[in-house]
Amino acid sequence: MKVLLTGTAGGMGWPEPGCPCASCAVRDGEGPWRRPFGAVVDDTVPFPAGDLPEGYAPHAGGLGLTTPDGSRLLYAPAGPEPPADGPAYDVVLIDLLERPERLGSLRRAGLVNGRTHLVAVGLDHRIRSEKELARRLRMWGAGAVPDGTSLDTGRPPPPPAAQPRRALLLGGSRSGKSAEAELRLAAEPYVTYVATGPGGDGDAEWAARVRAHRERRPAHWATAETTDLAETIRSATTPLLIDGLGTWLAAVFDEHGAWEGDRAPVDRRCDALVQAWRSAPGRVVAVSDEAGMGVVPATAAGRLFRDALGRLNERLAAESEYVALVVAGRPTRL
């Protein structure tokens, strides 16, 4: 099967004519205009619209196609989860800008594997630039191609870019660090979200924060509520997202009564966490508060906590392949 992509953008193209947004303004200087999505299969068959010649069988509500040689193609525009049926697809053309977790669902169902040509389409001003698009697609193991590209399923797709085993994301309050962490693992088929803070019982405001985080996460992710991070990392069988280290450290202080007492037990817990992080068996992304940019805490306990968190961040950063500071939703690699 050959698939010619005549256009890879959303319905109005990218940049959108007459649109004053920052994304369209930036994209206007990045190269040729991306045309609205269109595809032609085997040089003659328009997809997904058009009458199909003999031997071409539609499925998945008309968004899937099986060719005479048995090759399978799926178009997954923005919207609900793509249908999950049959063997793995040879080509998947998918809109990833709003819900990249749909790719995780396809991988989980075995419909996307290492032999699938995976191409992002529906590209438009929902993302700020081609550079940011490329960054996200590298994290998700997908690709974008120029309009006019022809995909040949007789050739294997390029391998996805290797991802760092340990990633540490630092940032201030409401910096977007949690959302960035979730993006990094959004297209994985299996993820365990490690919640280290309280659930919000008796605190309506905190409960609302917890609920907002939970609703934003992909529905197929598992959740573990624990402060035993060292053992959780050592025994992990899926990628982990730990959110976050500040609430974990506060809980450890509470558990050992260390706010005004002996801090040695806290130091031992931090040592165990760093050791587990160093020997992590699989991917792990952790979120932590950047402790060095605020005012000096007014209390001795506050200063004690700030110092401990700063040291922990520094030690984990030294053992990480990727460290970034997130400000206003934008990560800067350190």
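Residues numbered from 1 in each chain as written. Predicted model: local features only at pLDDT ≥ 70, side-chain atom pairs only at ≥ 80, totals over all residues. Heavy atoms only, no water.

Visitor: In this structure, what is going on with the sheet that holds strand β4 (residues 57-59)? I would like to understand it.
Guide: The pairing of strands in a sheet comes from backbone hydrogen bonds and takes either a parallel or an antiparallel form. Reading across from one edge, β4-β5-β6-β7-β8 is the order of the five strands in this open sheet, with mixed pairing throughout. Of all strands in the sheet, those bounded by a partner on one side alone are β4 and β8 (117-120). On average, adjacent strands in this sheet sit at an angle of 15 degrees to one another, irrespective of strand direction. Pairing of β4 with strand β5 (residues 64-66), which is carried by three bridges, proceeds in the antiparallel orientation. The residue of β5 that forms the bridge with P58 is L65. On the sheet, helix α2 (residues 101-108) packs against β6 (72-76), β7 (91-94) and β8 and is oriented at approximately 155 degrees with respect to β7. (Pairing = 2+ DSSP bridges. Helix = DSSP H or I, 4+ residues; strand = E, 2+ residues; numbered from the N terminus. Axes fitted to C-alpha atoms, helices over the stretch in contact; angles between N-to-C directions. Contact = heavy atoms within 4.5 Å.)

Visitor: What is the right way to look at the pairing of β6 in this model?
Guide: Two faces, one strand: in a regular strand the side chains alternate between the faces of the sheet. Of all the five residues making up β6, five are buried; the element is thus mostly covered by neighbouring parts of the structure. Residues of β6 alternate between two faces, with R72, L74 and A76 on one and L73 and Y75 on the opposite face, all of them buried. Pairing analysis gives three bridges linking β5 to β6, with the strands arranged antiparallel. Of the residues in β6, the one forming a bridge with G64 is L74. Connecting the antiparallel pair β5 and β6 is a turn made up of five residues, with G70 showing a positive phi of about 90 degrees. Of the strand pairs in this sheet, β6 and β7 are connected by four bridges, and their pairing is parallel. Pairing of Y75 across the sheet is with L93, part of β7. (Buried < 20%, exposed > 50% of the residue type's maximum accessible area, 1.4 Å probe, protein only.)

Visitor: What is the right way to look at the packing of aromatic side chains in this model?
Guide: Aromatic ring pairs are described here by two measures, namely the spacing of the ring centres and the angle between the planes. Summed over the entire model, instances satisfying the criterion amount to four aromatic pairs. Seen in terms of ring centroids, F253 and W259 are 4.5 Å apart; in terms of plane orientation they differ by 35 degrees. Their pairing is tilted. Classification of F253 by relative accessible area gives buried; the value is 0%. A centroid spacing of 6.0 Å and a plane angle of 70 degrees characterise the contact between F253 and F305, whose relative ring orientation is edge-to-face. Of the two residues, F253 sits in helix α7 (residues 245-255) while F305 sits in helix α9 (residues 300-318), which places them 52 residues apart along the sequence. Considered together, F253 and F305 belong to a single accessibility category, that of buried residues. One residue, R27, lies across the ring of W14, its end atom 5.5 Å from the ring centre. (Phe/Tyr/Trp six-rings, centres within 6.5 Å; stacked < 30°, edge-to-face > 60°. Lys NZ or Arg CZ within 6 Å of the ring centre and 35° of its normal.)

Visitor: Sorry, what's going on with the pattern of salt bridges here?
Guide: A side chain with one charge may pair with a side chain of the opposite charge, provided their charged atoms come close. Inspection of the entire model under this criterion finds 20 salt bridges. The partner of E101 in a salt bridge is R99, and the shortest N-O contact between them spans 3.3 Å. R99 gets classed as partly exposed once you look at its relative accessible area, which sits at 28%. Where salt bridges share partners, they join R128, E132, R135, R136, E180 and R184 into one cluster. (Salt bridge = Lys/Arg side-chain N within 4 Å of Asp/Glu carboxyl O.)

Visitor: Just checking my understanding: could you explain the nonpolar core for this structure?
Guide: A general tendency of soluble globular proteins is for nonpolar side chains to be buried together. Residues L168, I233, I242, L245, W248 and L249 are the most contacted members of the largest nonpolar core, which totals 31 residues. Of all the secondary structure elements, the ones that give two or more residues to this core are β10 (166-171), α6 (229-234), β13 (240-243), α7, α8 (264-278), β14 (284-289), α9 and β15 (322-327). The greatest single-element share of this core, amounting to six residues, is contributed by α8. Beyond its immediate stretch of four places on either side in the chain, W248 contacts T196, T227, L229, R269, C270, L273 and L312. Grouped together as the second largest cluster of nonpolar side chains are 27 residues, A60, I94, I127 and L183 included. (Core = buried A, V, L, I, M, F, W, Y, C linked by side-chain atoms within 4.5 Å.)

Visitor: Whenever I open this one, the sheet that holds β13 confuses me. Can you help?
Guide: Reading across the sheet, the seven strands line up as β12-β11-β13-β14-β10-β15-β16 and stay open at both edges, with mixed pairing between neighbours. Single-partner strands in this sheet number two, and they are β12 (222-225) and β16 (330-333). This sheet shows a mean twist of 25 degrees between the axes of neighbouring strands, independent of strand direction. By the bridge criterion, four bridges tie strand β11 (residues 192-195) to β13 in an arrangement that is parallel. Along β13, the bridge assignment pairs T192 with L240. α8 contacts β10 and β14 of the sheet and is inclined by roughly 130 degrees relative to β10.

Visitor: Could you clarify how one ought to interpret the pairing of strand β1 (residues 2-7) in this entry?
Guide: The sheet contact formed by β1 and strand β9 (residues 149-152) spans four bridges and is antiparallel. Pairing of L5 across the sheet is with T149, part of β9.

Visitor: For this particular structure, what's the right way to read the environment of G64?
Guide: By secondary structure assignment, the location of G64 is in strand β5. In sequence terms G64 and F47 are 17 residues apart; their C-alpha atoms lie 9.2 Å from each other. Setting aside residues up to four positions removed in sequence, G64 forms contacts with F47, A57, P58, H59, L73 and L74.

Visitor: Looking at this structure, how should I read the state of the cysteines?
Guide: Covalently bonding the sulfur atom of one cysteine to the sulfur atom of another cysteine gives a disulfide. The full count for this structure, using the stated rule, is zero disulfides. C21 provides the cysteine sulfur closest to C19, a residue in no disulfide bond, and the two sulfurs are 3.5 Å apart. (Disulfide = S-S within 2.5 Å.)

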